[in-house]
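The lines below spell out each chain.
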Amino acid sequence: MSDAVPASPLFAPLTLPNGAVLSNRLAKAAMEENMADGEHLPGEALRRLYAAWSKGGVGLILSGNVMIDPTALTGPGGVVLDASQPLAPFKAWAQAARSSGNHAWLQLSHPGRQVMKAMGQGAVAPSAIGVQIEGASHLFPSPRALEPEDIATIVERFAAAAAMAEASGFTGVEIHAAHGYLISQFLSPLSNRRADAWGGPLANRARLLLDVVKAVRARVSPGFCVGVKLNSADFQKGGFALEDAVEVVRWLNELPVDLIELSGGSYESPAMAGAPQDGAISPREAYFVDFAREIGAVARMPIMVTGGIRRRAVAEEALKPKDGRPGVAVIGIASALAFEPALPAKWRANVMPEVVIPEIRWKKKVFARLAAMAVVKAQLHRIGAGREPKRNVSPLLALIGSQVGAARRTKRYKAWIARRAA
Ligand SMILES: Cc1cc2nc3c(=O)[nH]c(=O)nc-3n(C[C@H](O)[C@H](O)[C@H](O)COP(=O)(O)O)c2cc1C
């Protein structure tokens with residue numbers, strides 16, 4: 001009897017619709033790092049972090065949010081890519097992120113209303129409806145509803161950033177249409193109450209997403225990959241639902257989209273962190289796999305699922321068909337790769353480290369969620385500084401550290417944006 005362990009299907013290559021090949025089925029999902037330099041450019045810390053993931057064996061690295069508009073940042077310290085930014089730092093970043101031969105795509109994002117008031121730039125959104133989070137709504141500005149000309153400018157910004165990503169040596173972009181950011185705000189009837197061509201029926205609410213995909217595609221070469229991160233649902237009563245996601249994917253089928261990553265939720269209903277407002281998913285492992293299978297049944301492009309995956313067996317299970325529905329093609333992993341950047345290489349070598357993501361059970365859910373993010377981000381900052389991840393970071397200290405850092409970076413951001421305007 002042979003004692004050879006059968007190869008895991010996670011390490012089979014995948015050819016995308018445009019002919020590009022991912023060397024395996026594991027992707028590092030987007031994690032905003034807030035590690036850009038004073039000019040909102042990627043520097044040494046980001047290069048070191050991305051080189052660690054590349055060395056760790058993922059087939060695809062998706063960057064954290066890269067902001068297409070300097071006046072609309074999800075948070076201070078975000079990377080900004082627009083026509084006035086130099087390409088050299090992005091070229092160096094792409095080189096580090098691809099150093100082991102994997103794909104590296106930039107995630108292009110516009111947060112819409114999900115920006116902090118402290119940044120001082122106000123907010124735009126499909127409609128003038130603010131973010132509502134118990135005990136935290138006051139931290140977000142009341143947004144201004146976008147005019148049609150503003151929408152055209154935003155579409156152009158996505159396309160310009162994609163062209164710059166390609167010129168820098170990244171192999172693709174992922175358009176962020178999930179998590180309650182601008183495109184997701186357009187998709188949801190809760191945040192989109194427009195009465196014009198971008199509001200009302202789903203076909204109108206999806207217009208921005210479809211226009212962005214078309215504009216991006218028109219500006220990049222056919223071998224450059226274009227992906228979309230979409231919510232399988234918002235997990236809010238009356239919000240963007242699974243049936244809507246299925247319909248949107250049918251429309252995306254008609255466009256040259258290479259990969260759809262499915263997640264869920266928003267700041268108001270953080271399902272992506274396993275904590276939806278309506279309690280409709282089990283907050284344990286692989287939160288969105290059943291939804292992904294449902295959507296995969298109609299999708300012509302490969303489907304990636306992200307959320308709650310930390311164990312190889314769970315990842316392998318998600319690749320398998322179930323109840324007449326297909327398996328997913330790519331497994332997205334975020335938090336676990338902050339604690340174990342070499343998880344893919346370890347899994348390939350049949351080494352299964354136990355990845356324990358600390359659970360924070362504070363009564364104030366908003367603070368617990370912020371602390372959980374801070375604990376993960378602390379790992380990114382450690383790796384960027386050339387240190388090892390540290391599992392037992394105190395959530396309270398991580399939260400305090402992240403708030404102090406955010407205040408410092410917000411001040412720096414305001415000085416930068418004032419310099420740019422001068
Ligand atoms: C610190 C942190 C930052 C994140 N930043 C982003 C981001 O920039 N863009 C995005 O689409 N998702 C972001 N996410 C969500 C992840 O991509 C992912 O959907 C979520 O964490 C669930 O996957 P996981 O259980 O493997 O962490 C972030 C998550 C964490 C923990």
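Computed from a predicted model, the values in this text were never measured in an experiment.

A. Highlighting the overall build of the protein chain. Regarding its fold elements, the protein chain presents 13 helices and 13 strands. Split into buried and exposed, the 422 residues of the protein chain put 58% on the buried side. Accessible surface, the protein chain as shown: approximately 17000 Å² in total, 55% of it carbon and sulfur. Computed over 49 positive and 36 negative side-chain charges, the separation of the two mean positions in the protein chain equals 6 Å.

B. Highlighting the pairing of strand β4 (residues 60–67). Extensive coverage of β4 is indicated by the burial of 8 of its 8 residues. Pairing geometry for β4 and strand β6 (residues 103–109), over 6 bridges, is parallel. Along β6, the bridge assignment pairs L60 with H103. Where β4 meets strand β5 (residues 79–80), 2 bridges bridge the pair, whose relative direction is parallel. From the neighbouring strand, V66 faces β5, where its bridge partner is V79.

C. The side chain of N192, seen in detail. Tracing the backbone through its elements, the reader meets N192 in the loop between α4 (182–187) and α5 (202–205). Given the relative accessible area of 4%, N192 is considered buried.

D. Geometry of the site of the ligand. With respect to spatial proximity, 22 residues lie near the ligand, and among them A30, E32, Q107, G308 and S335 are the closest. Measuring from an oxygen atom of the ligand, one finds a side-chain N or O atom of H176 at 2.8 Å. Expressed as a share of its isolated accessible area of 600 Å², the protein-covered part of the ligand is 94%. Of all the elements in the fold, those that place two or more residues in the shell around the ligand are β4 and α12 (365–384). The greatest single-element share of the shell around the ligand, amounting to 3 residues, is contributed by α12. By residue class, the composition of the shell around the ligand is 8 nonpolar, 10 polar and 4 charged.

E. Up close: a nonpolar patch on the surface. A contiguous nonpolar patch, built from W362, F367, L370, L396, L397, I400 and V404 and spanning about 660 Å² of accessible area, is present on the exposed surface. Mapped by element, the contributors of at least two residues to the nonpolar patch are α12 and α13 (395–421). In this structure, V404 sits in helix α13. With a relative accessible area of 54%, V404 lands in the exposed category.

F. Expanded view of the side chain of R409. Considering the arrangement of structural elements, one finds R409 in helix α13. Among buried charged residues, R409 stands out as having no salt bridge; its nearest opposite-charge side chain is E32, 8.2 Å away. Contact partners of R409, with chain neighbours within four places excluded, come to N34, P76, G77, H381 and S402.

G. Representation of the pairing of strand β11 (residues 259–263). Among the 5 residues of β11, 5 are classified as buried, and the element is accordingly described as predominantly covered. Covered by surrounding structure in β11 are L259, E261 and S263 together with I260 and L262, the residues of both alternating faces. Of the strand pairs in this sheet, β11 and strand β12 (residues 303–306) are connected by 3 bridges, and their pairing is parallel. Paired with I260 across the two strands is I303, which belongs to β12.

H. Representation of the pattern of salt bridges within the structure. Scanning the entire structure with this criterion turns up 20 salt bridges. Two residues, D150 and R144, come together in a salt bridge whose shortest N-O distance is 3.0 Å. For D150, a relative accessible area of 22% translates into the label partly exposed. You can call R144 partly exposed: its relative accessible area is 43%. R311 is the partner of E285 in a salt bridge, and the nearest nitrogen-oxygen pair spans 2.9 Å. In this pair, E285 sits in the loop between β11 and α8 (289–296) while R311 sits in the loop between β12 and α9 (312–319), placing the two residues 26 residues apart along the sequence. For E285, a relative accessible area of 32% gives the class partly exposed. Among the residues examined, R311 registers a relative accessible area of 46% and is labelled partly exposed. One connected set of salt bridges, linked through shared partners, spans D69, D82, R157 and R420.

Reading the values: rules and limits
Residues numbered from 1 in each chain as written. Predicted model: local features only at pLDDT ≥ 70, side-chain atom pairs only at ≥ 80, totals over all residues. Heavy atoms only, no water. Helix = DSSP H or I, 4+ residues; strand = E, 2+ residues; numbered from the N terminus. Buried < 20%, exposed > 50% of the residue type's maximum accessible area, 1.4 Å probe, protein only. Areas by Shrake-Rupley, 256 points an atom, 1.4 Å probe, with all protein chains shown as cover. Lys, Arg positive; Asp, Glu negative; His and termini not counted. Charge placed at Lys NZ, Arg CZ, Asp CG, Glu CD. Pairing = 2+ DSSP bridges. Near = heavy atom within 4 Å. Polar contact = N/O pair within 3.5 Å; in protein donor to acceptor, adjacent residues only side chain to side chain. Nonpolar A, V, L, I, M, F, W, Y, C, P; charged D, E, K, R; others polar. Patch = residues over 30% accessible without salt bridge, like charges linked within 9 Å, V, L, I, M, F, W, Y side chains within 5 Å. Salt bridge = Lys/Arg side-chain N within 4 Å of Asp/Glu carboxyl O. Contact = heavy atoms within 4.5 Å.

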